[in-house]
Every structure is written in structure tokens, then in C-alpha cells.
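Structure assessment
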There are 2 protein chains.
Amino acid sequence: MEKKVMNIGSVSELTGLSERQIRYYEERKLIFPERTRGKTRKYSFEDVEKIKEIHQKLTDGFTTFEIKQWQAKKWSKSI
Amino acid sequence: MEKKVMNIGSVSELTGLSERQIRYYEERKLIFPERTRGKTRKYSFEDVEKIKEIHQKLTDGFTTFEIKQWQAKKWSKSI
DNA sequence: CGTGTAAGGAATTCTGACACG
DNA sequence: CGTGTAAGGAATTCTGACACG
């Protein structure tokens, strides 16, 4: 499901990561949650998968910048 | 997806119904959202479909009690 | 660089009740 | 019966910053 419907609390629970980590990945332009009028972030299940992947990469020693480049590559290949 | 991850605000947006209506369907035992420690309701996409169905039935003139019975029938048939 | 935390505020959700019909 | 609403409180989320390293 690519619908952005869950708040950061659910994402945190599903990924096991802190809200701080999830917000940071957004700050580094790795994920793009939507916002409600009240500025609350809304994520999709796809975002959850992306976040897990990002965290795995970080654990493997990559920087967010490298992950960003890796995402771009992935994207170009999928075209 | 049967994972209970979205809050009532998202459900309201997806169904076009008010939070009052959604909570009432739970009161009548037609849907069963989960709860966080803080008592916040969490719904799944399946719940969203159920809610739409319930509202359609209500629009068709059925009572919540009849809908409950109809759900039970549906359930027994699926076995 | 990636993440933790305390701080204050704003948005979200909760419950129980009164209202209409 | 099914739904709207005002009320007060509690839980959730937000931002910007300081900290460590």
C-alpha cells in the first residue's frame, strides 16, 4: 500500500526505530511523508519498507548521502 | 493489509465519515480497532473497508443490529 | 554524522453527556 | 437509532536546540 495513512508512532512500532531516527531520514531527503494541515507526518507501508532498508544500510556503514545516491541509482535502473 | 496502524483521522479521511460515526460502529461491536497504551484507536485497511460497507448498509436502511447479524452470517458462510 | 533528550507549544484523540427524533 | 456538538483532559507530534563524537 502506497497510501500515506499512519503516523510516526505506528512507523516507530513497525520498524523498531525511534521517532528521531525516522524524522532524520526525512531531513536527509531519504523519505517523503505527507503532512496533515496540523503538520502531522503521514507514512505509507512503502515508507516503512524504505526506512527499514535505510537503517540496514546505515548499520552496514553507509552514510545518508551514500544511501541517497544509491536510491537515485535504483530509481534510474527501474526506468 | 490487516495491520492496525492508522488513527481515526486517517480513517475519517479515507471513508469520508465523521469520527463520531466511526466510534459509534465500534460501540455497536461492528468493528474492533486496537488501542495504544494511551487509548488511541488503531485501524487497518480491512477496517476501512468494513466501515464503508457498514455505512452503505445503514444508508440502505438497515440498523446496526441487523448489520451485526449480517456480519455473523457472512462469517459462518466463510467457514 | 546519526541519534538522544528536555522544552514548550500545537494538533489529535478520548470519554461521557446532552440534543434531536 | 444514528449522529452532531461543546467540554475538559490526556496522549501524540512538532520544531529548534544542545550534546556527544
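Here the residue index of a chain counts from 1 through its sequence in written order. For this description, chains carry letters from A and ligands carry numbers from 1, given in the order in which they are written. In view of the model being predicted, local features appear only for residues whose pLDDT reaches at least 70, and side-chain atom pairs are presented and counted only at 80 or more, with totals across whole chains, interfaces and linings using the full set of residues. By convention in this description, side-chain values take in all heavy atoms of the structure and omit both hydrogens and water.

Labelled according to an unreviewed UniProt entry, chain A appears under the name MerR family transcriptional regulator, originating from Paenibacillus cremeus.

On to the protein's contact with DNA strand C, then. Around DNA strand C sit 21 residues in total, of which Ser18(A), Tyr24(A), Thr64(A), Asn7(B) and Arg41(B) are the nearest. In these notes, residues near a molecule or strand are those with any non-hydrogen atom within 4 Å of it. Close to the protein, within 4 Å, the atoms of DNA strand C belong to sugar or phosphate groups at a rate of 77%. Between a phosphate oxygen of DNA strand C and a side-chain N or O atom of Glu19(B), the distance comes to 3.3 Å. The contact in question runs from a phosphate oxygen of DNA strand C to an N or O atom on the side chain of Arg23(B), over 2.9 Å. Only α2 (19–27) of chain A together with α1 (8–15) and α2 (19–27) of chain B provide two or more residues apiece to the surface near DNA strand C. Counting from the N terminus, the helices are DSSP H or I runs at least four residues long and the strands are E runs at least two residues long. Here the surface near DNA strand C takes 4 residues from α2(A), the largest share from any one element. Each residue gets one of three labels, nonpolar for Ala, Val, Leu, Ile, Met, Phe, Trp, Tyr, Cys and Pro, charged for Asp, Glu, Lys and Arg, and polar for the others, Gly among them. Of the residues belonging to the surface near DNA strand C, the class tally is 4 nonpolar, 10 polar and 7 charged. Polar contacts, as counted here, are pairs of nitrogen or oxygen atoms within 3.5 Å of one another; within protein the pair requires one atom able to donate a hydrogen and one able to accept it, and residues that are adjacent in sequence qualify only if both atoms are side-chain atoms.

Moving on, we get to the packing of α2(A) against helix α3 (residues 45–59) of chain A. All names here are of chain A. Fitting a line to C-alpha atoms yields each axis, with helices limited to the stretch in contact; the angle taken between N-to-C directions then spans 0 to 180 degrees. Interhelical geometry of α2 versus α3 gives an angle of 90° and a closest axis separation of 11 Å. If you check the angle between α2 and α3, you find them roughly perpendicular. The residues of α3 that touch α2, namely those facing Gln21, Ile22 and Tyr25, are Ile51, Ile54, His55 and Leu58. Looking at the contact of α2 with α3 residue by residue, the classes come out as 5 nonpolar, 2 polar and no charged. In what follows, roughly perpendicular refers to angles from 65 to 115 degrees, roughly parallel to angles under 35, roughly antiparallel to angles over 145, and oblique to any angle outside these ranges. It only takes one pair of heavy atoms within 4.5 Å for two residues to be counted as in contact.

This part is about the relation of the copies chain B and chain A. Least-squares superposition of the copies uses the C-alpha atoms of those residues scoring a pLDDT of at least 70 in each of them. Between the two copies, chain B and chain A, the superposition gives an RMSD of 0.0 Å; the rotation angle is 180° and the shift along the axis is 0.0 Å. Considering both components of the superposition, the chain copies are consistent with a two-fold axis. The C-alpha atom lying nearest the rotation axis in chain B is that of Met6(B); the distance is 2.3 Å.

The subject of this paragraph is the nonpolar core. Among buried residues, those of type Ala, Val, Leu, Ile, Met, Phe, Trp, Tyr and Cys that are joined through side-chain atoms within 4.5 Å constitute a nonpolar core. Only protein chains enter the accessibility calculation, which uses a 1.4 Å probe. A residue is then buried if its area is under 20% of the maximum for its type, exposed if over 50%, and partly exposed in between. Formed by 30 residues in total, the largest nonpolar core has its most connected members in Ile22(A), Tyr43(A), Ile51(A), Ile22(B), Tyr43(B) and Ile51(B). For this core, the secondary structure elements donating two or more residues are α1 (8–15), α2 and α3 of chain A together with α1, α2 and α3 (45–59) of chain B. Apart from residues no more than four positions distant in its own chain, Ile51(B) is found in contact with Val11(B), Thr15(B), Leu17(B), Ile22(B), Tyr25(B), Ile31(B) and Tyr43(B).

Facing the 9 residues of chain B at the interface are 9 residues of chain A. Accessible-area loss on putting two parts together, using a 1.4 Å probe and summing over both, is the definition of buried area adopted here. Surface buried jointly by chain B and chain A totals about 870 Å² across both partners, of which 68% is contributed by carbon and sulfur atoms. If you sort the residues of chain B by the area they bury against chain A, Met1(B), Val5(B) and Phe45(B) come out on top, with a joint share of 51%. Salt-bridge detection follows one rule: a side-chain nitrogen of Lys or Arg within 4 Å of a carboxyl oxygen of Asp or Glu. For the interface between chain B and chain A, the tally reads 0 salt bridges. At the boundary of chain B and chain A, one finds 6 residue pairs in polar contact (both at pLDDT 80 or more).

Lining the immediate environment of DNA strand D, one finds 21 residues, of which Asn7(A), Arg41(A), Ser18(B), Tyr24(B) and Thr64(B) sit closest. Among all atoms of DNA strand D positioned within 4 Å of the protein, those belonging to sugar or phosphate total 76%. A distance of 3.1 Å separates a phosphate oxygen of DNA strand D from a polar backbone atom of Gly9(A). In this structure, a phosphate oxygen belonging to DNA strand D sits 3.3 Å away from a side-chain N or O atom of Thr36(B). Of all the secondary-structure elements, those providing two or more residues to the surface near DNA strand D are α1 and α2 of chain A together with α2 of chain B. With 4 residues, α2(B) is the largest single contributor of residues to the surface near DNA strand D. Residues that form the surface near DNA strand D fall into these classes: 4 nonpolar, 10 polar and 7 charged.

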